[in-house]
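Secondary and tertiary structure notes
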Number of protein chains: 2
Amino acid sequence: EIVQYLKNSAPGPALPDLSGKTILITAGPTQEALDPVRYLSNHSSGKMGYALAQVAAQANAKVILVSGPTNLGVAPGITKIPVTSAAQMLSEVMQQVQQCDIFIATAAVADYRPATVADNKIKKKDDELTLTFVKNPDILKQVANLPTPPFTVGFAAESQNVEHYARSKLNLKKLDMIAANNIATAGLGFNSDHNALHVIWRDGEHHLPPQPKVQLAAELLSLVATQFNKKTSN
Amino acid sequence: EIVQYLKNSAPGPALPDLSGKTILITAGPTQEALDPVRYLSNHSSGKMGYALAQVAAQANAKVILVSGPTNLGVAPGITKIPVTSAAQMLSEVMQQVQQCDIFIATAAVADYRPATVADNKIKKKDDELTLTFVKNPDILKQVANLPTPPFTVGFAAESQNVEHYARSKLNLKKLDMIAANNIATAGLGFNSDHNALHVIWRDGEHHLPPQPKVQLAAELLSLVATQFNKKTSN
(Lines give C-alpha, C1' and ligand atoms only; values in the text may rest on other atoms or scores of the structure.)
Protein backbone atom coordinates (compact mmCIF):
# COMPACT_ATOMS: atom_id res chain seq x y z
CA GLU A 1 0.00 0.00 0.00
CA ILE A 2 2.69 2.51 1.02
CA VAL A 3 4.65 1.89 -2.18
CA GLN A 4 1.67 2.79 -4.33
CA TYR A 5 0.88 5.69 -2.06
CA LEU A 6 4.42 6.98 -2.48
CA LYS A 7 4.40 6.53 -6.24
CA ASN A 8 1.27 8.66 -6.43
CA SER A 9 2.90 11.50 -4.51
CA ALA A 10 4.98 14.10 -6.26
CA PRO A 11 8.34 14.56 -4.55
CA GLY A 12 8.60 17.72 -2.45
CA PRO A 13 11.87 19.58 -1.90
CA ALA A 14 15.21 18.26 -3.17
CA LEU A 15 16.35 15.53 -0.80
CA PRO A 16 19.59 15.86 1.14
CA ASP A 17 22.36 13.38 0.38
CA LEU A 18 22.66 10.95 3.27
CA SER A 19 25.07 8.51 1.62
CA GLY A 20 27.03 6.56 4.22
CA LYS A 21 24.59 7.47 7.00
CA THR A 22 22.39 5.01 8.85
CA ILE A 23 18.94 6.14 10.02
CA LEU A 24 16.93 4.21 12.57
CA ILE A 25 13.19 4.96 12.52
CA THR A 26 10.41 3.67 14.76
CA ALA A 27 6.85 3.65 13.45
CA GLY A 28 3.29 2.58 14.17
CA PRO A 29 1.53 1.89 17.45
CA THR A 30 2.53 -0.68 20.01
CA GLN A 31 0.08 -3.24 21.34
CA GLU A 32 0.19 -4.03 25.06
CA ALA A 33 -1.42 -7.37 25.89
CA LEU A 34 -3.87 -7.75 28.77
CA ASP A 35 -4.39 -11.46 28.08
CA PRO A 36 -4.15 -13.73 25.01
CA VAL A 37 -6.91 -11.81 23.20
CA ARG A 38 -7.18 -8.30 24.61
CA TYR A 39 -4.77 -5.42 24.17
CA LEU A 40 -4.37 -1.70 24.65
CA SER A 41 -3.27 0.24 21.57
CA ASN A 42 -3.70 3.56 19.77
CA HIS A 43 -4.75 4.93 16.39
CA SER A 44 -1.29 5.46 14.91
CA SER A 45 -1.31 4.28 11.29
CA GLY A 46 2.49 4.30 10.91
CA LYS A 47 2.23 6.38 7.72
CA MET A 48 4.57 9.17 8.88
CA GLY A 49 7.34 6.75 9.88
CA TYR A 50 7.02 4.70 6.68
CA ALA A 51 7.08 7.90 4.61
CA LEU A 52 10.25 9.02 6.42
CA ALA A 53 11.83 5.61 5.84
CA GLN A 54 11.03 5.90 2.15
CA VAL A 55 12.46 9.40 1.64
CA ALA A 56 15.53 8.54 3.78
CA ALA A 57 16.18 5.56 1.47
CA GLN A 58 15.71 7.82 -1.55
CA ALA A 59 18.28 10.17 0.06
CA ASN A 60 20.73 7.21 -0.03
CA ALA A 61 20.71 6.51 3.71
CA LYS A 62 20.80 2.99 5.06
CA VAL A 63 17.37 2.70 6.72
CA ILE A 64 16.29 0.44 9.59
CA LEU A 65 12.56 0.62 10.42
CA VAL A 66 11.38 -0.85 13.73
CA SER A 67 7.62 -1.02 13.34
CA GLY A 68 4.64 -1.90 15.49
CA PRO A 69 1.59 -3.56 13.87
CA THR A 70 0.48 -1.67 10.73
CA ASN A 71 -0.99 -2.53 7.34
CA LEU A 72 1.92 -0.93 5.49
CA GLY A 73 4.71 -2.49 3.48
CA VAL A 74 8.18 -1.12 2.75
CA ALA A 75 10.10 -0.66 -0.48
CA PRO A 76 13.06 -2.98 -1.17
CA GLY A 77 16.26 -1.81 0.50
CA ILE A 78 14.63 -0.81 3.78
CA THR A 79 15.29 -3.19 6.67
CA LYS A 80 12.00 -3.64 8.54
CA ILE A 81 11.97 -5.19 12.01
CA PRO A 82 8.40 -5.90 13.13
CA VAL A 83 7.54 -5.71 16.84
CA THR A 84 4.36 -5.75 18.92
CA SER A 85 4.98 -4.29 22.38
CA ALA A 86 7.01 -1.33 23.67
CA ALA A 87 9.38 -3.74 25.43
CA GLN A 88 10.11 -5.48 22.12
CA MET A 89 10.57 -2.14 20.37
CA LEU A 90 13.06 -1.00 23.02
CA SER A 91 15.02 -4.23 22.70
CA GLU A 92 15.29 -3.98 18.90
CA VAL A 93 16.12 -0.27 18.96
CA MET A 94 18.90 -0.79 21.51
CA GLN A 95 20.39 -3.57 19.38
CA GLN A 96 20.47 -1.32 16.30
CA VAL A 97 21.13 2.17 17.64
CA GLN A 98 24.89 2.02 18.20
CA GLN A 99 25.52 1.78 14.47
CA CYS A 100 23.15 4.65 13.66
CA ASP A 101 23.80 8.32 12.93
CA ILE A 102 20.23 9.53 13.20
CA PHE A 103 17.30 8.20 15.24
CA ILE A 104 13.76 9.34 14.40
CA ALA A 105 11.08 8.13 16.78
CA THR A 106 7.69 8.41 15.07
CA ALA A 107 6.17 5.39 16.82
CA ALA A 108 3.22 6.03 19.09
CA VAL A 109 4.60 3.86 21.87
CA ALA A 110 2.00 3.00 24.51
CA ASP A 111 2.92 5.00 27.61
CA TYR A 112 1.60 2.28 29.89
CA ARG A 113 1.23 -1.49 29.78
CA PRO A 114 -0.90 -3.72 32.02
CA ALA A 115 0.99 -4.49 35.25
CA THR A 116 0.24 -8.16 34.75
CA VAL A 117 -0.56 -10.16 31.63
CA ALA A 118 -3.03 -12.99 32.19
CA ASP A 119 -2.05 -16.36 30.70
CA ASN A 120 -5.67 -17.17 30.03
CA LYS A 121 -8.55 -15.03 28.82
CA ILE A 122 -9.85 -12.92 31.70
CA LYS A 123 -13.43 -13.96 32.51
CA LYS A 124 -15.94 -11.18 33.00
CA LYS A 125 -17.57 -11.43 36.37
CA ASP A 126 -17.85 -8.10 38.10
CA ASP A 127 -19.72 -5.03 37.00
CA GLU A 128 -16.53 -3.07 37.35
CA LEU A 129 -12.98 -4.04 36.55
CA THR A 130 -9.98 -2.14 37.88
CA LEU A 131 -6.71 -2.61 36.06
CA THR A 132 -3.32 -1.34 37.06
CA PHE A 133 -0.94 -0.15 34.38
CA VAL A 134 2.78 0.53 34.75
CA LYS A 135 4.87 2.93 32.75
CA ASN A 136 6.55 1.59 29.66
CA PRO A 137 10.22 2.26 29.05
CA ASP A 138 10.81 5.64 27.39
CA ILE A 139 12.65 4.50 24.25
CA LEU A 140 13.26 8.01 22.94
CA LYS A 141 14.70 9.22 26.24
CA GLN A 142 16.91 6.15 26.63
CA VAL A 143 18.39 6.68 23.17
CA ALA A 144 18.91 10.43 23.64
CA ASN A 145 20.64 9.81 26.95
CA LEU A 146 23.13 7.21 25.69
CA PRO A 147 26.81 8.11 26.25
CA THR A 148 27.23 8.70 22.51
CA PRO A 149 23.72 9.24 21.22
CA PRO A 150 22.77 9.57 17.56
CA PHE A 151 21.11 12.78 16.34
CA THR A 152 17.76 12.17 18.00
CA VAL A 153 14.39 13.37 16.71
CA GLY A 154 11.16 12.93 18.64
CA PHE A 155 7.53 13.44 17.76
CA ALA A 156 4.84 14.98 19.95
CA ALA A 157 1.21 14.31 19.11
CA GLU A 158 -0.92 16.42 21.41
CA SER A 159 -4.51 17.56 21.57
CA GLN A 160 -3.82 20.75 23.54
CA ASN A 161 -0.91 23.04 24.55
CA VAL A 162 1.03 21.50 21.68
CA GLU A 163 4.07 23.80 21.63
CA HIS A 164 4.40 23.83 25.42
CA TYR A 165 4.49 20.04 25.64
CA ALA A 166 6.82 19.76 22.65
CA ARG A 167 9.39 22.20 24.05
CA SER A 168 9.41 20.57 27.47
CA LYS A 169 9.81 17.14 25.83
CA LEU A 170 12.75 18.48 23.79
CA ASN A 171 14.48 19.75 26.94
CA LEU A 172 13.59 17.03 29.45
CA LYS A 173 14.60 14.19 27.14
CA LYS A 174 17.65 16.01 25.72
CA LEU A 175 16.48 15.61 22.12
CA ASP A 176 18.14 17.31 19.16
CA MET A 177 14.82 18.04 17.49
CA ILE A 178 11.10 17.54 17.99
CA ALA A 179 8.25 17.51 15.47
CA ALA A 180 4.95 18.47 17.04
CA ASN A 181 1.44 18.19 15.70
CA ASN A 182 -2.04 18.87 16.96
CA ILE A 183 -4.10 15.68 16.75
CA ALA A 184 -7.26 17.67 17.43
CA THR A 185 -7.00 19.28 13.96
CA ALA A 186 -9.60 17.60 11.74
CA GLY A 187 -8.24 15.64 8.79
CA LEU A 188 -4.60 15.70 9.92
CA GLY A 189 -2.35 13.35 11.85
CA PHE A 190 -3.33 9.90 13.08
CA ASN A 191 -4.62 7.66 10.29
CA SER A 192 -4.65 10.56 7.83
CA ASP A 193 -2.50 10.85 4.71
CA HIS A 194 -1.87 14.50 5.56
CA ASN A 195 -0.23 16.26 8.45
CA ALA A 196 1.33 19.55 9.52
CA LEU A 197 4.35 19.81 11.84
CA HIS A 198 5.86 22.43 14.07
CA VAL A 199 9.55 21.44 14.10
CA ILE A 200 11.60 22.75 17.02
CA TRP A 201 15.30 22.46 17.87
CA ARG A 202 17.53 24.17 20.42
CA ASP A 203 18.15 27.37 18.50
CA GLY A 204 15.47 27.37 15.85
CA GLU A 205 12.08 26.26 14.66
CA HIS A 206 10.16 25.80 11.42
CA HIS A 207 6.49 25.38 10.59
CA LEU A 208 5.77 22.79 7.92
CA PRO A 209 2.25 23.47 6.58
CA PRO A 210 -0.47 20.83 5.99
CA GLN A 211 0.56 18.54 3.12
CA PRO A 212 0.76 14.85 2.16
CA LYS A 213 2.89 12.90 4.62
CA VAL A 214 5.48 11.91 2.00
CA GLN A 215 6.16 15.55 1.09
CA LEU A 216 6.15 16.43 4.76
CA ALA A 217 8.65 13.62 5.42
CA ALA A 218 10.97 14.99 2.73
CA GLU A 219 10.82 18.51 4.22
CA LEU A 220 11.39 17.20 7.72
CA LEU A 221 14.33 15.08 6.53
CA SER A 222 15.91 18.19 5.00
CA LEU A 223 15.64 19.99 8.35
CA VAL A 224 17.08 16.94 10.12
CA ALA A 225 20.02 16.71 7.68
CA THR A 226 20.85 20.42 8.05
CA GLN A 227 20.85 20.32 11.85
CA PHE A 228 22.67 16.95 11.88
CA ASN A 229 25.42 18.40 9.66
CA LYS A 230 25.69 21.48 11.90
CA LYS A 231 26.00 19.35 15.01
CA THR A 232 28.53 16.88 13.61
CA SER A 233 30.67 19.58 11.96
CA ASN A 234 31.14 21.39 15.28
CA GLU B 1 -9.43 -9.16 0.46
CA ILE B 2 -12.31 -11.36 1.62
CA VAL B 3 -13.73 -11.65 -1.89
CA GLN B 4 -10.47 -13.01 -3.27
CA TYR B 5 -10.10 -15.20 -0.21
CA LEU B 6 -13.54 -16.65 -0.80
CA LYS B 7 -12.92 -17.19 -4.52
CA ASN B 8 -9.85 -19.22 -3.62
CA SER B 9 -11.81 -21.50 -1.32
CA ALA B 10 -13.66 -24.48 -2.68
CA PRO B 11 -17.27 -24.55 -1.45
CA GLY B 12 -17.88 -27.06 1.31
CA PRO B 13 -21.23 -28.80 1.80
CA ALA B 14 -24.31 -27.92 -0.25
CA LEU B 15 -25.76 -24.71 1.16
CA PRO B 16 -29.27 -24.60 2.63
CA ASP B 17 -31.84 -22.44 0.86
CA LEU B 18 -32.53 -19.37 2.95
CA SER B 19 -34.64 -17.47 0.39
CA GLY B 20 -36.91 -14.97 2.08
CA LYS B 21 -34.94 -15.08 5.34
CA THR B 22 -32.98 -12.20 6.81
CA ILE B 23 -29.79 -12.93 8.74
CA LEU B 24 -28.15 -10.37 10.99
CA ILE B 25 -24.46 -11.03 11.70
CA THR B 26 -22.03 -9.16 13.92
CA ALA B 27 -18.30 -9.43 13.22
CA GLY B 28 -14.87 -8.16 14.18
CA PRO B 29 -13.61 -6.62 17.40
CA THR B 30 -14.94 -3.49 19.04
CA GLN B 31 -12.66 -0.62 20.02
CA GLU B 32 -13.32 1.09 23.36
CA ALA B 33 -11.79 4.56 23.54
CA LEU B 34 -9.79 5.72 26.57
CA ASP B 35 -9.09 9.13 25.05
CA PRO B 36 -8.81 10.56 21.50
CA VAL B 37 -5.87 8.28 20.66
CA ARG B 38 -5.89 5.24 22.94
CA TYR B 39 -8.26 2.30 22.90
CA LEU B 40 -8.79 -1.17 24.23
CA SER B 41 -9.45 -3.87 21.64
CA ASN B 42 -8.82 -7.52 20.81
CA HIS B 43 -7.29 -9.67 18.10
CA SER B 44 -10.51 -10.65 16.31
CA SER B 45 -9.94 -10.43 12.54
CA GLY B 46 -13.62 -10.62 11.62
CA LYS B 47 -12.92 -13.42 9.12
CA MET B 48 -15.47 -15.86 10.58
CA GLY B 49 -18.30 -13.32 10.51
CA TYR B 50 -17.47 -12.15 6.99
CA ALA B 51 -17.28 -15.77 5.81
CA LEU B 52 -20.71 -16.45 7.36
CA ALA B 53 -22.12 -13.33 5.68
CA GLN B 54 -20.78 -14.54 2.34
CA VAL B 55 -22.19 -18.08 2.54
CA ALA B 56 -25.51 -16.77 3.90
CA ALA B 57 -25.76 -14.48 0.85
CA GLN B 58 -24.88 -17.43 -1.41
CA ALA B 59 -27.70 -19.32 0.35
CA ASN B 60 -30.05 -16.54 -0.86
CA ALA B 61 -30.59 -14.94 2.54
CA LYS B 62 -30.81 -11.17 2.93
CA VAL B 63 -27.67 -10.41 4.95
CA ILE B 64 -26.98 -7.47 7.28
CA LEU B 65 -23.43 -7.37 8.68
CA VAL B 66 -22.73 -5.08 11.64
CA SER B 67 -18.95 -4.96 11.81
CA GLY B 68 -16.32 -3.50 14.09
CA PRO B 69 -13.02 -2.25 12.58
CA THR B 70 -11.49 -4.85 10.22
CA ASN B 71 -9.50 -4.86 6.99
CA LEU B 72 -12.14 -6.92 5.20
CA GLY B 73 -14.55 -5.99 2.45
CA VAL B 74 -17.90 -7.55 1.57
CA ALA B 75 -19.33 -8.85 -1.68
CA PRO B 76 -22.11 -6.84 -3.37
CA GLY B 77 -25.54 -7.62 -1.96
CA ILE B 78 -24.44 -7.71 1.67
CA THR B 79 -25.48 -4.68 3.72
CA LYS B 80 -22.50 -3.72 5.88
CA ILE B 81 -22.96 -1.34 8.82
CA PRO B 82 -19.57 -0.28 10.24
CA VAL B 83 -19.30 0.49 13.96
CA THR B 84 -16.48 1.11 16.42
CA SER B 85 -17.64 0.56 20.00
CA ALA B 86 -19.89 -2.00 21.69
CA ALA B 87 -22.45 0.72 22.40
CA GLN B 88 -22.64 1.57 18.69
CA MET B 89 -22.90 -2.12 17.79
CA LEU B 90 -25.79 -2.60 20.24
CA SER B 91 -27.61 0.41 18.82
CA GLU B 92 -27.30 -0.80 15.20
CA VAL B 93 -28.22 -4.40 16.09
CA MET B 94 -31.33 -3.29 17.97
CA GLN B 95 -32.43 -1.17 14.99
CA GLN B 96 -32.09 -4.14 12.61
CA VAL B 97 -33.01 -7.17 14.68
CA GLN B 98 -36.83 -6.95 14.58
CA GLN B 99 -36.86 -7.70 10.86
CA CYS B 100 -34.45 -10.64 11.20
CA ASP B 101 -35.08 -14.39 11.33
CA ILE B 102 -31.60 -15.42 12.44
CA PHE B 103 -28.99 -13.55 14.49
CA ILE B 104 -25.39 -14.81 14.52
CA ALA B 105 -23.07 -12.98 16.90
CA THR B 106 -19.48 -13.63 15.84
CA ALA B 107 -18.18 -10.23 16.99
CA ALA B 108 -15.62 -10.22 19.77
CA VAL B 109 -17.35 -7.43 21.66
CA ALA B 110 -15.17 -5.88 24.35
CA ASP B 111 -16.58 -7.03 27.69
CA TYR B 112 -15.57 -3.79 29.36
CA ARG B 113 -15.10 -0.18 28.36
CA PRO B 114 -13.30 2.60 30.25
CA ALA B 115 -15.63 4.11 32.86
CA THR B 116 -14.74 7.56 31.57
CA VAL B 117 -13.44 8.70 28.20
CA ALA B 118 -11.03 11.63 28.38
CA ASP B 119 -11.72 14.49 25.95
CA ASN B 120 -8.02 15.17 25.63
CA LYS B 121 -5.03 12.85 25.46
CA ILE B 122 -4.21 11.58 28.96
CA LYS B 123 -0.78 12.85 30.00
CA LYS B 124 1.56 10.32 31.54
CA LYS B 125 2.61 11.45 34.97
CA ASP B 126 2.60 8.68 37.49
CA ASP B 127 4.57 5.46 37.49
CA GLU B 128 1.33 3.60 37.85
CA LEU B 129 -2.04 4.26 36.31
CA THR B 130 -5.24 2.71 37.61
CA LEU B 131 -8.20 2.65 35.28
CA THR B 132 -11.72 1.60 36.04
CA PHE B 133 -13.68 -0.28 33.43
CA VAL B 134 -17.42 -0.89 33.39
CA LYS B 135 -19.24 -3.77 31.76
CA ASN B 136 -20.38 -3.29 28.22
CA PRO B 137 -23.97 -4.16 27.25
CA ASP B 138 -24.37 -7.86 26.43
CA ILE B 139 -25.69 -7.60 22.87
CA LEU B 140 -26.16 -11.34 22.42
CA LYS B 141 -28.13 -11.69 25.65
CA GLN B 142 -30.29 -8.66 24.90
CA VAL B 143 -31.25 -10.10 21.52
CA ALA B 144 -31.89 -13.61 22.84
CA ASN B 145 -34.11 -12.20 25.58
CA LEU B 146 -36.31 -10.04 23.34
CA PRO B 147 -40.05 -10.83 23.55
CA THR B 148 -39.91 -12.37 20.05
CA PRO B 149 -36.24 -13.15 19.50
CA PRO B 150 -34.77 -14.37 16.22
CA PHE B 151 -33.02 -17.77 16.14
CA THR B 152 -29.94 -16.69 18.06
CA VAL B 153 -26.46 -18.14 17.65
CA GLY B 154 -23.54 -17.16 19.88
CA PHE B 155 -19.83 -17.80 19.71
CA ALA B 156 -17.53 -18.69 22.60
CA ALA B 157 -13.80 -18.18 22.17
CA GLU B 158 -12.09 -19.60 25.22
CA SER B 159 -8.57 -20.60 26.22
CA GLN B 160 -9.62 -23.20 28.82
CA ASN B 161 -12.71 -25.22 29.92
CA VAL B 162 -14.16 -24.48 26.50
CA GLU B 163 -17.21 -26.77 26.57
CA HIS B 164 -18.11 -25.84 30.15
CA TYR B 165 -18.13 -22.11 29.39
CA ALA B 166 -19.98 -22.66 26.11
CA ARG B 167 -22.78 -24.71 27.69
CA SER B 168 -23.28 -22.25 30.53
CA LYS B 169 -23.37 -19.37 28.02
CA LEU B 170 -26.00 -21.24 25.96
CA ASN B 171 -28.20 -21.69 29.02
CA LEU B 172 -27.65 -18.42 30.86
CA LYS B 173 -28.24 -16.26 27.80
CA LYS B 174 -31.09 -18.44 26.44
CA LEU B 175 -29.39 -18.95 23.07
CA ASP B 176 -30.60 -21.37 20.44
CA MET B 177 -27.08 -22.47 19.52
CA ILE B 178 -23.48 -21.78 20.43
CA ALA B 179 -20.28 -22.36 18.44
CA ALA B 180 -17.27 -22.81 20.70
CA ASN B 181 -13.60 -22.82 19.87
CA ASN B 182 -10.35 -23.07 21.79
CA ILE B 183 -8.22 -20.01 21.09
CA ALA B 184 -5.24 -21.73 22.72
CA THR B 185 -5.02 -24.15 19.77
CA ALA B 186 -2.09 -23.02 17.62
CA GLY B 187 -2.94 -21.91 14.09
CA LEU B 188 -6.69 -21.77 14.64
CA GLY B 189 -9.17 -19.07 15.57
CA PHE B 190 -8.33 -15.38 16.02
CA ASN B 191 -6.60 -13.88 12.98
CA SER B 192 -6.22 -17.31 11.36
CA ASP B 193 -7.87 -18.43 8.11
CA HIS B 194 -8.71 -21.75 9.77
CA ASN B 195 -10.81 -22.74 12.73
CA ALA B 196 -12.58 -25.68 14.34
CA LEU B 197 -15.92 -25.41 16.15
CA HIS B 198 -17.81 -27.40 18.74
CA VAL B 199 -21.43 -26.51 17.94
CA ILE B 200 -23.91 -27.07 20.76
CA TRP B 201 -27.69 -26.62 20.94
CA ARG B 202 -30.34 -27.67 23.47
CA ASP B 203 -30.72 -31.26 22.37
CA GLY B 204 -27.66 -31.90 20.25
CA GLU B 205 -24.12 -31.06 19.32
CA HIS B 206 -21.72 -31.43 16.41
CA HIS B 207 -17.95 -31.15 16.06
CA LEU B 208 -16.78 -29.30 12.94
CA PRO B 209 -13.12 -30.25 12.38
CA PRO B 210 -10.27 -27.79 11.56
CA GLN B 211 -10.82 -26.32 8.08
CA PRO B 212 -10.79 -22.99 6.20
CA LYS B 213 -13.24 -20.52 7.73
CA VAL B 214 -15.37 -20.28 4.58
CA GLN B 215 -15.99 -24.04 4.53
CA LEU B 216 -16.56 -23.96 8.27
CA ALA B 217 -19.07 -21.13 7.81
CA ALA B 218 -20.97 -23.19 5.23
CA GLU B 219 -21.12 -26.20 7.56
CA LEU B 220 -22.20 -24.05 10.49
CA LEU B 221 -24.87 -22.35 8.37
CA SER B 222 -26.26 -25.78 7.47
CA LEU B 223 -26.55 -26.67 11.16
CA VAL B 224 -28.17 -23.29 11.85
CA ALA B 225 -30.69 -23.76 9.03
CA THR B 226 -31.63 -27.27 10.17
CA GLN B 227 -32.24 -26.20 13.78
CA PHE B 228 -33.94 -22.96 12.69
CA ASN B 229 -36.36 -24.97 10.52
CA LYS B 230 -37.04 -27.38 13.39
CA LYS B 231 -37.76 -24.53 15.78
CA THR B 232 -40.00 -22.54 13.43
CA SER B 233 -41.96 -25.59 12.21
CA ASN B 234 -42.93 -26.48 15.77
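So, here's what we can say about the structure.

Rules behind the numbers
- Residues numbered from 1 in each chain as written.
- Chains lettered and ligands numbered in written order.
- Predicted model: local features only at pLDDT ≥ 70, side-chain atom pairs only at ≥ 80, totals over all residues.
- Heavy atoms only, no water.
- Helix = DSSP H or I, 4+ residues; strand = E, 2+ residues; numbered from the N terminus.
- Buried < 20%, exposed > 50% of the residue type's maximum accessible area, 1.4 Å probe, protein only.
- Contact = heavy atoms within 4.5 Å.
- Areas by Shrake-Rupley, 256 points an atom, 1.4 Å probe, with all protein chains shown as cover.
- Salt bridge = Lys/Arg side-chain N within 4 Å of Asp/Glu carboxyl O.
- Least-squares fit on C-alpha atoms with pLDDT ≥ 70 in both.

Quick look at the overall build of chain A now. Helices and strands together make up the secondary structure of chain A, namely six helices and 12 strands. For chain A, buried positions account for 54% of its 234 residues. Of the contacts made within chain A by residues no fewer than 6 positions apart, 64% connect residues no fewer than 24 positions apart. Carbon and sulfur atoms provide 49% of the accessible area of chain A, an area that totals close to 10100 Å².

Going through the model one piece at a time under the given rule, you end up with 14 salt bridges over all chains. Note that B:Glu163 and B:Arg167 form a salt bridge whose closest N and O atoms lie 2.8 Å from each other. On the criterion of helical spacing, the pair formed by B:Glu163 and B:Arg167 is a turn pair, its members being four residues apart in helix α5 (residues 162–172). Classification of B:Glu163 by relative accessible area gives partly exposed; the value is 34%. Counted as one network, the salt bridges with shared partners bring together A:Asp35, A:Arg38 and B:Asp111.

A word on the relation of the copies chain A and chain B. Note on the identical chains: chain A maps onto chain B by a rotation of 180° and an axial translation of 0.0 Å, with an RMSD of 0.0 Å. Taken together, these values place the two copies in the relation of a two-fold axis. In terms of C-alpha distance to the rotation axis, chain A has A:Leu40 as its closest residue, with the C-alpha 2.2 Å off the axis. When the interface residues of chain A are mapped onto chain B, 100% of them again fall at the interface, so both copies present the same face.

On to the environment of A:His194, then. All names here are of chain A. Considering the arrangement of structural elements, one finds His194 in strand β11 (residues 194–201). Judged by its relative accessible area of 36%, His194 is partly exposed. Sequence spacing of His194 and Gln215 is 21 residues, and the spatial spacing of their C-alpha atoms is 9.2 Å.

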